[in-house]
Amino acid sequence: MYTSGRLSRDYPPGGSVATDVAAAGIRLAVVGENLALASSARAAVDAMLGSPTALSQFAVSAYDRAGISVVDGPTGRLVVIVMGG
């Protein structure tokens, strides 16, 4: 997604974080994802914390684990947080 110059969850068509997690063989009842692109990891997290949609994902009580990825690239720093339970 990011290396192709895109910051969205619409590729492949019909894809989702849940299908990606399942394809990796990880079994979870609930899955959520937050992502942000910014000049620094701190700015990306601040953007997530300023987003009502992202905050609602962080507030799901069924999540009991998270994976975090930070990738530097040509258009900034991409931070992805996948949560599940």
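The structure we're discussing is the one just above.
Note that the coordinates shown come from a computational prediction; the quantities given were computed from them, not determined experimentally. (Residues numbered from 1 in each chain as written. Predicted model: local features only at pLDDT ≥ 70, side-chain atom pairs only at ≥ 80, totals over all residues. Heavy atoms only, no water.)

K.L.:
For the overall build of the protein, give the residues involved together with the corresponding values.
P.N.:
Counting its regular elements, the protein contains 3 helices and 3 strands. Going through the 85 residues of the protein one by one, you find that 21% of them count as buried. Of the accessible surface of the protein, which amounts to about 5,400 Å², a share of 58% is contributed by carbon and sulfur atoms. (Helix = DSSP H or I, 4+ residues; strand = E, 2+ residues; numbered from the N terminus. Buried < 20%, exposed > 50% of the residue type's maximum accessible area, 1.4 Å probe, protein only. Areas by Shrake-Rupley, 256 points an atom, 1.4 Å probe, with all protein chains shown as cover.)

K.L.:
Quick rundown of the nonpolar core? Include the residues and the values.
P.N.:
Within the largest apolar cluster, 9 residues are counted, these being Ala36, Ala38, Ala44, Met48, Ala54, Tyr63, Val79, Ile81 and Met83. Counting residues per element, the ones that place at least two in this core are β1 (31-38), α2 (41-49) and β3 (76-84). A total of 3 residues in this core trace back to one element, the largest contributor, which is β3. Dropping the residues within four chain positions of it, Ala36 is found in contact with Ala44, Met48, Arg77, Leu78 and Val79. (Core = buried A, V, L, I, M, F, W, Y, C linked by side-chain atoms within 4.5 Å. Contact = heavy atoms within 4.5 Å.)

K.L.:
Tell me about the environment of Arg42, and please be specific about residues and values.
P.N.:
Structurally, Arg42 is set in helix α2. Take Arg42: its relative accessible area is 61%, and that puts it in the exposed class. Considered as a pair, Arg42 and Val79 are 37 residues apart in the sequence and their alpha carbons are 9.4 Å apart.

K.L.:
Kindly report on the sheet that holds strand β2 (residues 65-73), identifying the contributing residues and their values.
P.N.:
Across the sheet, 3 strands lie side by side as β1-β3-β2; this open sheet has antiparallel pairing. The open sheet terminates on both sides in strands that have one partner only, identified here as β1 and β2. Shown here is a sheet whose adjacent strand axes are inclined to one another by a mean of 10°, direction ignored. As defined by bridge partners, β2 adjoins β3 across 9 bridges and the pair is classed as antiparallel. Bridge pairing in β3 places Val71 opposite Leu78. With respect to the sheet, α2 is in contact with β1 and β3, its orientation differing from that of β1 by roughly 125°. (Pairing = 2+ DSSP bridges. Axes fitted to C-alpha atoms, helices over the stretch in contact; angles between N-to-C directions.)

These figures come from the coordinates and say nothing about function on their own.
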